[in-house]
Amino acid sequence: MSPPIVQLEQVRKHYEMGPVVVEALRGVSFVIQPGEYVSIMGPSGCGKSTLLNVLGCLDRPTSGRYWLGGQDVSALDDDALSAIRGSRLGFVFQSYNLIPQLTVLENIEVPLFYQGWPEDRSRERARQMAERVGLGHRLHHRPYELSGGQQQRVAIARALVNDPLLILADEPTGNLDSASGREILELFDELHAQGKTLILVTHDPGVADRAQRTLRMRDGLVESDVRKTAPVTVPTA
Ligand code: ADP
Ligand code: MG
């Protein structure tokens, strides 16, 4: 059996601000299995971004353990964390974070460049990902020539290009109008249907509702962890 994608055990994260210690995470534990689509909700300041930074190997817990795909990543050094981000994780941010000077194709190729893929293979892989998100006809455009929704689709293609174990999205529809936001959520639904594991942070209940499971945070703790149950069909005689 494959290991859980995510296993957190009593993860704490403290920030020292002079004499003051901010406890952003106060003992968070949960497990996410392959193929789950999980949303994380909670009021501003409750620790969502801190948790996403730990899950995304952008930051280490102060204490507690984090296994990603069965590997203990809680105490790895910066270089090892960076290698894991490049090979095992895909990120989608509210502000797209594309490189303005690069074309669609080149932006999607960035993670493969860092992994040392040969150019012809990475070009082909990036082209496939562009097509997968419906941008096969925009390969040589630059971000400023695209709508917000198209830019976010480039970011999703970039997040998929290294075939990550886990996709992390932080308010991915936060900058989009409702129609473009809906398209992005439909794309996430498709990825989920294809077996991808997704974690999405949002303050929007309508967005969170797309996921099969919602973790609600408060004051650095997971306050509730609710899975949707499949609707029950009552047979009609
Ligand atoms: P959320 O994303 O839910 O709004 P955050 O994870 O950003 O919450 O923040 C949780 C708490 O940790 C807040 O009290 C915030 O001020 C504090 N915090 C977050 N990042 C830092 C940091 N780099 N240094 C000091 N305090 C921080
Ligand atoms: Mg935040």
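Scroll up to find the structure.
Everything numeric in this text was worked out from a predicted model, so none of it was measured. (Residues numbered from 1 in each chain as written. Chains lettered and ligands numbered in written order. Predicted model: local features only at pLDDT ≥ 70, side-chain atom pairs only at ≥ 80, totals over all residues. Heavy atoms only, no water.)

A. Quick look at the sheet that holds strand β5 (residues 71-72). On the basis of which strands lie adjacent, the open sheet formed by four strands has the order β2-β1-β4-β5 and antiparallel pairing. The sheet is open, and its two edges are formed by β2 (20-32) and β5, each paired on a single side. Running over the sheet, helix α1 (residues 48-55) touches β1 (6-17), β2 and β4 (63-68) and is turned about 60 degrees from β2. (Pairing = 2+ DSSP bridges. Helix = DSSP H or I, 4+ residues; strand = E, 2+ residues; numbered from the N terminus. Contact = heavy atoms within 4.5 Å. Axes fitted to C-alpha atoms, helices over the stretch in contact; angles between N-to-C directions.)

B. The arrangement of the pattern of salt bridges in detail. In the structure shown here, the tally under the stated rule is 13 salt bridges. One salt bridge connects Arg-60 with Asp-78, and the closest N-O pair in it is separated by 2.9 Å. In this pair, Arg-60 is assigned in the loop between α1 and β4 and Asp-78 in helix α2 (residues 78-88), connecting sequence segments 18 residues apart. Judged by relative accessible area, Arg-60 falls into the partly exposed class, the value being 29%. We classify Asp-78 as exposed; its relative accessible area is 52%. (Salt bridge = Lys/Arg side-chain N within 4 Å of Asp/Glu carboxyl O. Buried < 20%, exposed > 50% of the residue type's maximum accessible area, 1.4 Å probe, protein only.)

C. View of the site of ligand 1. Residues in close proximity to ligand 1 include Tyr-15, Met-17, Val-22, Ala-24, Pro-43, Ser-44, Gly-45, Cys-46, Gly-47, Lys-48, Ser-49 and Thr-50, which together make up its full environment. Contacts to ligand 1 include Ser-49, whose side-chain N or O atom sits 2.9 Å from an oxygen atom. With respect to ligand 1, the side chain of Thr-50 contributes an N or O atom lying 2.6 Å from an oxygen atom. When isolated, ligand 1 has an accessible area of 560 Å², and the protein chains bury 62% of it. If you list the elements that add at least two residues to the shell around ligand 1, you get β1, β2 and α1. Take the shell around ligand 1: its biggest share by element is three residues, from α1. Classifying every residue of the shell around ligand 1 by side-chain character gives six nonpolar, five polar and one charged. (Near = heavy atom within 4 Å. Polar contact = N/O pair within 3.5 Å; in protein donor to acceptor, adjacent residues only side chain to side chain. Areas by Shrake-Rupley, 256 points an atom, 1.4 Å probe, with all protein chains shown as cover. Nonpolar A, V, L, I, M, F, W, Y, C, P; charged D, E, K, R; others polar.)

D. Spotlight on the sheet that holds strand β9 (residues 213-218). The sheet built from six strands is open, its strands ordered β6-β7-β8-β3-β9-β10 with mixed pairing. Single-partner strands in this sheet number two, and they are β6 (89-93) and β10 (221-227). Within the sheet, the average angular offset between the axes of one strand and its neighbour, ignoring direction, is 15 degrees. Strand direction decides the pairing type here: strand β3 (residues 37-41) and β9, joined by four bridges, are parallel. By the bridge assignment for β9, Ile-40 is matched with Leu-215. The strands touched by α1 within the sheet are β3, β6, β7 (166-170), β8 (198-201) and β9, with β7 carrying the most contacts at an inclination of about 155 degrees.

E. How the structure looks around unusual backbone geometry. With phi around 50 degrees, Gln-10 is a residue other than glycine that occupies positive phi space. As for its placement among the helices and strands, Gln-10 is situated in strand β1. On the basis of relative accessible area, Gln-10 is assigned to the partly exposed category, the value being 43%. Although it is not a glycine, Asp-219 sits at a positive phi angle of roughly 45 degrees.

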